[in-house]
Amino acid sequence: MKTKKHKGAALLASVIIIMSMLFAGSLFMLNWSRKGYEYSVKRTAYSKMFYAAESGIQYAAKKIRGMPPTSVINVKKVCDDFIGLAETAFPDTGYTFTKLTIEEIATDGIVASGANADIYKIEKAYDIRCRVTDNNDPDNYAELSKEIGCFSVSVFDYGVYYQDIEMELYPEYADITIGGKVHSNNGLHLGPFRSLRFLDYITSPEGVYQGATTGKDLGWEDRDGNILISNKKNELVDMRLEDGEFLDSKNPNWKDKSTDKWDDKVRTKEHGAGKIKPAFVNEATGVDSTVLIDPAPDTPESYDIAKYRFENKAGLVITAEGILYEQSGVITNAEFTTRTYIDHITNLNWVVTTNEFFNRRSLGDAIDDPSLGMVYPLDIDIGLFNEWLAVQPESMTFKHHLSDRAGIMYIERENTLGRAVRINNAEVLPKLPNGFTVASVNPVYIRGSYNTKSSIEGASGSEPALIVSDALTVLSDAWDDAENRVKTYEQLTCGEDYDSQVACDTRIIASLISGSAEPTEGEYQATGGVQNFIRFLEYWRGLTLDHVGSSACLWPSRQENKTKNSGNKQIVPRPNRYPSYRNFTYDDELKERQPPGLERFYTFEEICWKKIR
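Residues numbered from 1 in each chain as written. Predicted model: local features only at pLDDT ≥ 70, side-chain atom pairs only at ≥ 80, totals over all residues. Heavy atoms only, no water.

1. Examining the sheet that holds strand β5 (residues 167-169)
Stage number 1. Strand order across the open sheet formed by three strands is β5-β8-β11, with parallel pairing between neighbours. The sheet terminates laterally at β5 and β11 (208-210), the two strands that pair on one side only. On average, each strand axis in the sheet is inclined to that of its neighbour by 15 degrees, with strand direction left out of account.
Stage number 2. Here three bridges tie strand β8 (residues 188-190) to β11, and the two strands are oriented parallel to one another. (Pairing = 2+ DSSP bridges. Helix = DSSP H or I, 4+ residues; strand = E, 2+ residues; numbered from the N terminus. Axes fitted to C-alpha atoms, helices over the stretch in contact; angles between N-to-C directions.)

2. Here we look at the side chain of histidine 547
Stage number 1. By the element assignment, histidine 547 lies in strand β30 (residues 544-549).
Stage number 2. There is a polar contact of 2.7 Å between the side chain of histidine 547 and the backbone oxygen of alanine 510.
Stage number 3. With residues up to four places along the chain from it excluded, the contact list for histidine 547 reads Ile508, Ala510, Leu512, Asn583, Phe584 and Thr585. (Polar contact = N/O pair within 3.5 Å; in protein donor to acceptor, adjacent residues only side chain to side chain. Contact = heavy atoms within 4.5 Å.)

3. A look at the packing of aromatic side chains
Stage number 1. Evaluated as defined, the whole model comprises 22 aromatic pairs.
Stage number 2. Consider the rings of phenylalanine 357 and tyrosine 445, whose centres lie 5.2 Å apart with planes at 80 degrees: the pair is edge-to-face. Taken together, the residues phenylalanine 357 in strand β20 (residues 357-358) and tyrosine 445 in strand β25 (residues 444-447) connect sequence positions 88 residues apart. A single burial state applies to phenylalanine 357 and to tyrosine 445, both of which are buried.
Stage number 3. One aromatic cluster in this structure is built from Trp350, Phe385, Trp388, Phe398 and Phe436.
Stage number 4. The side chain of lysine 261 reaches across the aromatic face of tryptophan 262, ending 5.9 Å from its centre.
Stage number 5. Over the aromatic face of tyrosine 201 sits the side chain of lysine 265, whose NZ or CZ is 5.5 Å from the ring centroid. (Phe/Tyr/Trp six-rings, centres within 6.5 Å; stacked < 30°, edge-to-face > 60°. Buried < 20%, exposed > 50% of the residue type's maximum accessible area, 1.4 Å probe, protein only. Lys NZ or Arg CZ within 6 Å of the ring centre and 35° of its normal.)

4. Re the sheet that holds strand β22 (residues 408-411)
Stage number 1. Strand order in the open sheet formed by 12 strands is β14-β10-β7-β4-β31-β29-β26-β24-β22-β16-β17-β18, with mixed pairing between adjacent strands. Two strands close off the open sheet at either side, each with one partner strand: β14 (266-268) and β18 (338-344). Across the sheet, the axes of successive neighbouring strands diverge by a mean angle of 15 degrees, strand direction being ignored.
Stage number 2. Bridge analysis of strand β17 (residues 323-328) against β18 gives six bridges, and the strand direction is antiparallel. Across the sheet, the residue bridging to glutamine 327 is arginine 339, located in β18.

Right, dumping it as C-alpha cells:
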C-alpha cells in the first residue's frame, strides 16, 4: 500500500527527470543553433569567396579572349595584375586570393558543340584556376576551374558573317531567304515589311532582336512582317509568340524559350556564343580587318601582319600606276616578293580604262555639280583574260598548282573620287588549281552574271571564287553605260529617268567580302544589312538576284561610303529599285573547297566549368 510520502518522492523524481531532459534539450538546441550559426557564417564566407574566385576566372578568361591566338600569354603578368586589382577592389574582406593560374592543356578529344560542332577546329586550350582562402580558417576556401578553347573557323563556313557592324535587316518590298549559318558579332536586328526566312543556325553574342537598336527607331515602327527561323527538323518557326509579341533577346526567359522554339539553332551569349575575330585584329595597335585590302606600307612590317594582306599574297598585281606584275617568293615583311614586270595595262586587250558611268548613290544632296557622281572604272574582261592566261607559261605563280599565290589577283587604283574596278564577261572564270580571287582596296562593280558556267566545255559547275573590296555593286547584263550618264538631282528623284534603266535577273556564284555603307539621314538610320550589302543602281522591281556563296561584312566602306560633295552620307535608292526577290544561298561546295587567300578566323569558347571545392 502506497503512502503519501511515497507519492511525493515519485513526483519529485519525475520533475527532476523532466528538468534534466529539458536542460539537455536546451543544451542540444543551443549547440545546434551555435553550429548552425557557425555553418551559416562559414557558408556566407564561402559564397563570398566563391564569387571572388569566379571574378578571377572571368578576368583571366577575358584577357585570353582579347589576345590573338598566335600570342604567347604572359601568365605571370595576368595573374599579378588581377591580384593587384583584387587587393584594391576588395580591401579587408577577410579572404585572400591564394592561387590564379593559367595552364595550356592538351587538345586531344576537345570538340566544339551546338552550331559550331562541324565547323570549329580546336587550336589551343587553357585551364584557368582560382582559389580564394578564408584568412581565419585556411581549411575554408573556394577553388574553381574553367577550361577555354581557342577554335579556328573559316568565314566561308557562314552564309552571312558580320564582324564589327550591327547586322540590321529591314527589307521593304522584298522577300528574303538566307541559307547557311548567320553570325553577327554585334547584334542582329530584324525588321521586315514582308518576310525574312533563315534556313540554318543564327549566332550572335550581342543578341537577336525584332526591331531597331536604341536610337535607330525612325522607320521601324511598322516593320512587323514575318520572321521565320528553321529548327532542327527544318521547320520554319515564327518568331512571334501566341500573344503576337516577338520572342527576342529582350525577353526575360529568352534562353529557355528560344531553345524550346528553335532547338538551340538560335544562339546568343546566354547559350555560349562568342565573338569571332581575324587573327591579325589588334585593338591595342590599331590593326583592323581593312589590312586585308590595304596596300602594303612603304617600310617593312612584321610578318604577323604582312602575311594577311592580299597584295602580299597575290600572284598577279595591278598597281595604281597601271603596271601588271607577277609576284613570287615567300612573304616575310612588306618587301615580301620578287616582282616581275609583265606589261602596262594599256597594252592588254582585257583591260579598258576609258569607260565611265553615273552612280546615283554617290551624288548626295541637291548640288550644282552632278558630275561628282561619275565613276571611271578599270574594266576587266574575264573572257579575254582567260585567253591571255592560257598562253602564259605554266610556271607562272598565278597558274602553278604548287603555288599559294595561284588564282589571287590584287588591283589598286589611285585613291581619287570615282576610281573603281569593274568585272565584265565573267560567267566563265579561269580554271585554276585553287579557284579565283580578286581583291581591291577600291570599290568593285560586277556586270552580269558571275561564275555561272564551267570553263570546261560541256561540263557544269563553277569555280571557287572570292571578291574582296571596299564596296560591292551588282549591275545586270542589261546595264548600258550610255544610258547612265550625268544626271541632276531632280532627274534622279522624279520624272521618267527614275525608272529608265531596267535590270534583268542575275546570278552570282562567289563568296563576297566587302564593306557596309552608312545610311542617309531619315533612311531608317540603319545600314540595311544583307539586303544593302550588295548595292544596286538599276530598276529591279519584280526581278530576282540569286547569290550563291557566302557574304562577309568586315568593315565600313571608306571610298564609296560618303557623297562626293559636302561629306554627307550616300543616297540609298528608293526601295522599289531593289530586287523584289533576293535569295542568299550558301554554297555547300565551300565545305570542301574554298577560294584562295583568306586565313581562318578564331574564337574562344568555354569547354567546361568545374567547382574544385
